[in-house]
Amino acid sequence: MRNTKVKAMAEGAVAAALCTLLNIISMYVPVLSLFTTFLCGFPLMIVFCRWGAMVGFTSMVCSYAVTFIMTGNVLSPLLLMFLYALPTAMFGLMINKKQKFSNAVFVTALFVLIGFVTQLVILNGGGSGIEAQLSAMSEEMGSSIGSIFSQNPALENSDINRLISEAMTMTVNTLMLYLPAISIIFSAVLGYVISAFSVFLLKRLKIKNVPYVAFNRIKAPNGTIAVFILSFLLIHAYDNGGIIISAIKNLSVIATTTVAISGFSFVDYMLSRKINSGYIRAAIYAAVWFVGFMMISIIFELFI
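Computed from a predicted structure; not experimentally measured.

Engineer: I'd like a description of the overall build of the protein, backed by residues and values.
Structural biologist: When its secondary structure is counted, the protein shows 12 helices and 0 strands. Counting all 304 residues of the protein, 30% fall into the buried class. Of the contacts made within the protein by residues no fewer than 6 positions apart, 72% connect residues no fewer than 24 positions apart. Here the protein displays about 19,000 Å² of accessible surface, and carbon together with sulfur accounts for 71% of that area.

Engineer: A description of helix 3 (residues 42-51) should follow, citing residues and the corresponding values.
Structural biologist: For helix 3, a buried count of 8 out of 10 residues is recorded, marking the element as mostly surrounded by other parts of the structure. Residues Phe42, Pro43, Leu44, Met45, Ile46, Val47, Phe48 and Cys49 constitute the buried set of helix 3. At the C-terminal side of helix 3, glycine 52 shows a positive phi close to 90°.

Engineer: Hey, could you go over the pattern of salt bridges for me, with residue numbers and the actual values?
Structural biologist: Applying the stated criterion across every chain yields a total of 2 salt bridges. Arginine 50 is paired through a salt bridge with glutamate 11; the nearest N and O atoms lie 2.8 Å apart. One end of the pair, arginine 50, is in helix 3; the other, glutamate 11, is in helix 1 (residues 2-28), and 39 residues separate them in sequence. Between arginine 281 and aspartate 268 there is a salt bridge; the shortest N-O distance is 2.8 Å. Pair noted here: arginine 281 is in helix 12 (residues 278-303) and aspartate 268 is in helix 11 (residues 243-272), with a separation of 13 residues, a long-range link.

Engineer: Break down the confidence of the model for the protein for me, citing the residues and quoting the values.
Structural biologist: Parts of the prediction with low pLDDT should not have their coordinates interpreted in detail. Per-residue confidence for the protein gives a mean pLDDT of 80; residues scoring 70 or more make up 82%. Mean pLDDT values over the elements of the protein span from 63, in helix 7 (residues 130-149), up to 92, in helix 3.

Engineer: Run through the layout of surface pockets, naming residues and quoting values.
Structural biologist: If you add up the space inside the largest pocket, you get close to 1,800 Å³. As for the largest pocket, its lining consists of 45 residues, of which Tyr192, Ala196, Val213, Phe215 and Ile218 are closest to the centre. It is helix 9 (residues 179-204) that provides the largest number of residues to the lining of the largest pocket, a total of 13 residues. Here the residues of the lining of the largest pocket are counted per class, giving 32 nonpolar, 8 polar and 5 charged.

Engineer: Describe a nonpolar patch on the surface, and please don't skip the residues or the numbers.
Structural biologist: Together, Trp289, Phe290, Val291, Phe293, Met294 and Met295 make up an exposed nonpolar region whose accessible area comes to about 660 Å². Mapped onto the fold, tryptophan 289 is located in helix 12.

Engineer: With reference to specific residues and values, describe the packing of aromatic side chains.
Structural biologist: The tally for this structure, following the rule as stated, stands at 9 aromatic pairs. Plain terms: the ring middles of phenylalanine 42 and phenylalanine 197 are 4.9 Å apart, the flat faces sit at 70° to each other, and that makes the pair edge-to-face. On the criterion of sequence distance, the pair formed by phenylalanine 42 in helix 3 and phenylalanine 197 in helix 9 is long-range, its members being 155 residues apart. Taken together through their ring pairs, the aromatic side chains of Phe38, Phe42, Phe197 and Phe200 make up a single cluster.

Engineer: Give a description of the nonpolar core that names residues and reports values.
Structural biologist: Ranked by internal contacts, the top residues of the largest apolar core, which has 32 residues, are Leu44, Met45, Phe48, Met60, Phe91 and Leu202. Every element with two or more residues in this core is listed here: helix 1, helix 3, helix 5 (75-96), helix 6 (101-124) and helix 9. With 9 residues, helix 5 is the single largest residue contributor to this core. If we skip the residues at most four places from it in the chain, leucine 44 touches Ala15, Cys19, Gly56, Ser59, Met60, Met81, Ala85 and Ala89.

Engineer: So what's going on with the side chain of threonine 88? Residues and values would help.
Structural biologist: Structurally, threonine 88 can be placed in helix 5. Judged by relative accessible area, threonine 88 falls into the buried class, the value being 1%.

Engineer: Please give an account of the environment of asparagine 23 that cites residues and values.
Structural biologist: Inspection of the secondary structure puts asparagine 23 in helix 1. Among the residues examined, asparagine 23 registers a relative accessible area of 0% and is labelled buried. Sequence spacing of asparagine 23 and threonine 67 is 44 residues, and the spatial spacing of their C-alpha atoms is 7.4 Å.

Engineer: Let's hear about unusual backbone geometry: which residues, and what values?
Structural biologist: A positive phi angle, close to 60°, is found at lysine 98, a residue other than glycine. Positionally, lysine 98 belongs in the loop between helix 5 and helix 6. Exposure remark for lysine 98: the relative accessible area of 69% places this residue in the exposed category. Located in the positive-phi region is lysine 206, a residue other than glycine, with phi close to 60°. With respect to the helices and strands, the residue lysine 206 is situated in the loop between helix 9 and helix 10 (224-237). A residue is classified by how much of its surface remains accessible, and lysine 206, at 79% relative accessible area, is exposed.

What counts, and where the lines are drawn
- Residues numbered from 1 in each chain as written.
- Predicted model: local features only at pLDDT ≥ 70, side-chain atom pairs only at ≥ 80, totals over all residues.
- Heavy atoms only, no water.
- Helix = DSSP H or I, 4+ residues; strand = E, 2+ residues; numbered from the N terminus.
- Buried < 20%, exposed > 50% of the residue type's maximum accessible area, 1.4 Å probe, protein only.
- Contact = heavy atoms within 4.5 Å.
- Areas by Shrake-Rupley, 256 points an atom, 1.4 Å probe, with all protein chains shown as cover.
- Salt bridge = Lys/Arg side-chain N within 4 Å of Asp/Glu carboxyl O.
- pLDDT = per-residue confidence, 0-100.
- 1 Å grid on protein atoms, 1.4 Å probe; cavity = no way out; pocket = protein on both sides within 12 Å on 5 of 7 lines; lining within 4 Å.
- Points joined across faces, edges and corners; volume = space filled by probe spheres on them.
- Nonpolar A, V, L, I, M, F, W, Y, C, P; charged D, E, K, R; others polar.
- Patch = residues over 30% accessible without salt bridge, like charges linked within 9 Å, V, L, I, M, F, W, Y side chains within 5 Å.
- Phe/Tyr/Trp six-rings, centres within 6.5 Å; stacked < 30°, edge-to-face > 60°.
- Core = buried A, V, L, I, M, F, W, Y, C linked by side-chain atoms within 4.5 Å.

Here it is, written out as structure tokens:
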């Protein structure tokens, strides 16, 4: 019993140290921040999975305290813990409680959504509001694009600036309209990614073999197509800009994304018959994305 407690305390301390290191890198090395913020919760996830809530939350609090002492920053480490580490840690806790994979994914996605909404509330509480901040960002981006076009003497600057301004305004309005759907879709996708990587990590470290639903086994729930068609017809029949229509538009986007993910899953399922290794398929998808990104960048540089 004593050896078990010592082992739990030791693993909790190591997880807290790793989480602290990743948090500090996120705060002071912007180039690596996206990578480290994603990883910062996984040491805690392992502790939650192996030793439960008491050791896990103790390790989390210790990590925050050490980060605060080393940086002198109160808010940033707290946000990193709450917004990024906690959702990943919750997956470990659900597995510790012997919950099904689907339930663990739901809880993980729920905490991602709570963290995302918290970020939006904090941004909105900054004084100017989310829409004003998006407008400021769009104006800055529009100015940059306008300066590129202004170098071409064949183009009328006034017309170009007007078109860019209208495009940026439309983009901000669209983002604000579909912000609920974007939040839910982002949370669901990231929740599944976190859960799938957690399963991979637990298996590779020989901690626990968690049964999970592979991506190529995901399918849209029955009735999703009907929801999409019905919402599409309602939007075009009663597009009066009211709250109900806005909600139906967001529902339509969620249904459309669900069908699209189901389609990508089917493509992966068909490819898995030829290529059994999921790692190779993931490398192919990453390569396709990278090549596409490079081609778009080259086209932008050559013609814009």
